[in-house]
Amino acid sequence: MNSPAPSMPVAAGDEDSAKRRQILLGARQVFLDLGFDGASMGEIAKAAGVSKGTLYVYFTDKHTLFEAMCECEMRVQGIEKLSINPDDDVASVLRKFGQSYMELLCRPQGGSTIRTIMAIAERMPELGRRYYHNVPANWIGKLADYLNNQTAAGRLDIGNTELAASQFLMSCQATLFLPFIMQVSPPPSSERIAEVVESAVRMFLAAYQVKS
């Protein structure tokens, strides 16, 4: 009988990171199912498949665990998910940006995380501020930088590019985000998002594009 092949050695750092990810996955499910107040370290340990002792090795309490989960969500929703090609025309960039933004904002399971963060932001305002600056403000800033360049090139006429970027992204949310986040409607399809984004692009260009 052949001996089983030995497993590949795992560096301590890799093993530690894997265990932390395992805990965060379990914690995310518990927080989304039960909310912050309903979640307990015991429930999280059970969902993650670890002992409570192991859980406390990585996280001192429920607050630090929740913050770590939110930090992961911020990375998932980070602006590195989108790159802008400066050679593309303005309409194409806006369509791609708006589509990416809305598909990320309204992705399945994403709404539960946003609701959970919003619910706890009053008691943990620093967490709410970090989420805002790392996600919505980051997206607005990325688009505003592009609009600044297009204004300097004479293709757009915008006095306040941060305001214009916010207006565009809010237009992309119209009829999509609130019904989704309030659980009135399921996540919108890519086709439905494209329809709303196209309308937002037309309104934006009508307001800001330099007429030739």
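Model, not experiment: these values are computed from the prediction. (Residues numbered from 1 in each chain as written. Predicted model: local features only at pLDDT ≥ 70, side-chain atom pairs only at ≥ 80, totals over all residues. Heavy atoms only, no water.)

### Some remarks on the overall build of the protein chain
For the protein chain, the helix and strand inventory stands at eleven helices and zero strands. Taken from N to C terminus, the helices and strands of the protein chain fall in the order α-α-α-α-α-α-α-α-α-α-α. In terms of overall size, the protein chain is more extended than a compact globule, its C-alpha atoms giving a radius of gyration of 21 Å where 212 residues would be expected to give roughly 17 Å. By principal-axis analysis of the C-alpha atoms, the protein chain measures approximately 75 × 45 × 30 Å. (Helix = DSSP H or I, 4+ residues; strand = E, 2+ residues; numbered from the N terminus. Rg over C-alpha atoms; globule rule 2.2 N^0.38 Å.)

### Looking at the layout of surface pockets
Taken as a whole, the largest pocket encloses approximately 340 Å³ of empty space. Elements that contribute at least two residues to the lining of the largest pocket include exactly α5 (90-105), α6 (110-120), α7 (125-134), α8 (136-152) and α9 (161-173). Per-element tally for the lining of the largest pocket: the top contributor is α9, with four residues. (1 Å grid on protein atoms, 1.4 Å probe; cavity = no way out; pocket = protein on both sides within 12 Å on 5 of 7 lines; lining within 4 Å. Points joined across faces, edges and corners; volume = space filled by probe spheres on them.)

### Quick look at the nonpolar core
Of all hydrophobic cores here, the largest spans 63 residues; its most connected members are L65, M102 and F204. In terms of residue count, α5 provides more of this core than any other element does, nine residues in total. (Core = buried A, V, L, I, M, F, W, Y, C linked by side-chain atoms within 4.5 Å. Buried < 20%, exposed > 50% of the residue type's maximum accessible area, 1.4 Å probe, protein only.)

### Description of helix α11 (residues 190-208)
Compared with an ideal rise of 1.5 Å per residue, which puts 19 residues at 27 Å, α11 spans 26 Å between its outermost C-alpha atoms and is within 8% of the ideal. Among all positions of α11, only I193, V196, V197, A200, V201, F204, L205 and Y208 are buried. (Expected span 1.5 Å × (residues − 1).)

### Observations concerning the packing of α7 against α8
Two elements in contact, α7 and α8, have axes separated by 3 Å at closest approach and are oriented at 25°. Classed by the angle they form, the pair α7 and α8 counts as roughly parallel. Contact with α7, carried on its side by Y131, Y132, H133 and N134, involves P136, A137, N138 and I140 of α8 and no other residues of that element. Considered class by class, the residues forming the contact of α7 with α8 number five nonpolar, three polar and no charged. (Axes fitted to C-alpha atoms, helices over the stretch in contact; angles between N-to-C directions. Parallel < 35°, antiparallel > 145°, perpendicular 65-115°, else oblique. Contact = heavy atoms within 4.5 Å. Nonpolar A, V, L, I, M, F, W, Y, C, P; charged D, E, K, R; others polar.)

### Quick look at the pattern of salt bridges
If charged atoms from side chains of opposite charge come close, those side chains can pair. Scanning the model with the defined rule gives six salt bridges in all. Two residues, R95 and E198, come together in a salt bridge whose shortest N-O distance is 2.6 Å. Here E198 lies in helix α11 and R95 lies in helix α5, a separation of 103 residues in the sequence. We classify E198 as partly exposed; its relative accessible area is 26%. When the shortest N-O distance is used, the salt bridge between E126 and R129 registers 3.3 Å. One end of the pair, E126, and the other, R129, are both in helix α7, three residues apart, so they sit about a helical turn from each other. Residue R129 is classed as partly exposed on the basis of its relative accessible area, which comes to 44%. (Salt bridge = Lys/Arg side-chain N within 4 Å of Asp/Glu carboxyl O.)

### Observations concerning the confidence of the model for the protein chain
Put simply, the protein chain has an average pLDDT of 86, and 91% of its residues get 70 or more. The least confident element of the protein chain is helix α4 (residues 62-76), whose mean pLDDT is 81; the most confident is α11, at 98. A low-confidence stretch, residues 1-12 (pLDDT under 50), is modelled with one contact involving residues beyond four sequence positions or located in other chains. (pLDDT = per-residue confidence, 0-100.)

### Considerations on unusual backbone geometry
For T175, which is not glycine, the phi dihedral falls at a positive 70°. Structurally, T175 is set in the loop between α9 and α10 (177-181). Positive phi values are uncommon outside glycine, yet Q183 reaches one of about 60°. Tracing the backbone shows Q183 in the loop between α10 and α11. The exposed category is assigned to Q183, whose relative accessible area is 61%.

### A look at the environment of P86
Within the secondary structure layout, P86 lies in the loop between α4 and α5. The spacing of P86 and Y146 is 60 residues in sequence and 7.9 Å in space, taken between C-alpha atoms.

### Describing the packing of α5 against α8
What describes two packed helices is the angle between their axes and the distance between those same axes. Put simply, α5 and α8 touch, their axes get as near as 12 Å, and they point 180° apart. Judged by the inter-axis angle, α5 sits roughly antiparallel to α8. Contacts between α5 and α8 pair V90, V93, L94, F97, S100, Y101 and L104 from the former with W139, K142, L143, Y146 and Q150 from the latter. Its residues placed into classes, the contact of α5 with α8 shows nine nonpolar, two polar and one charged.

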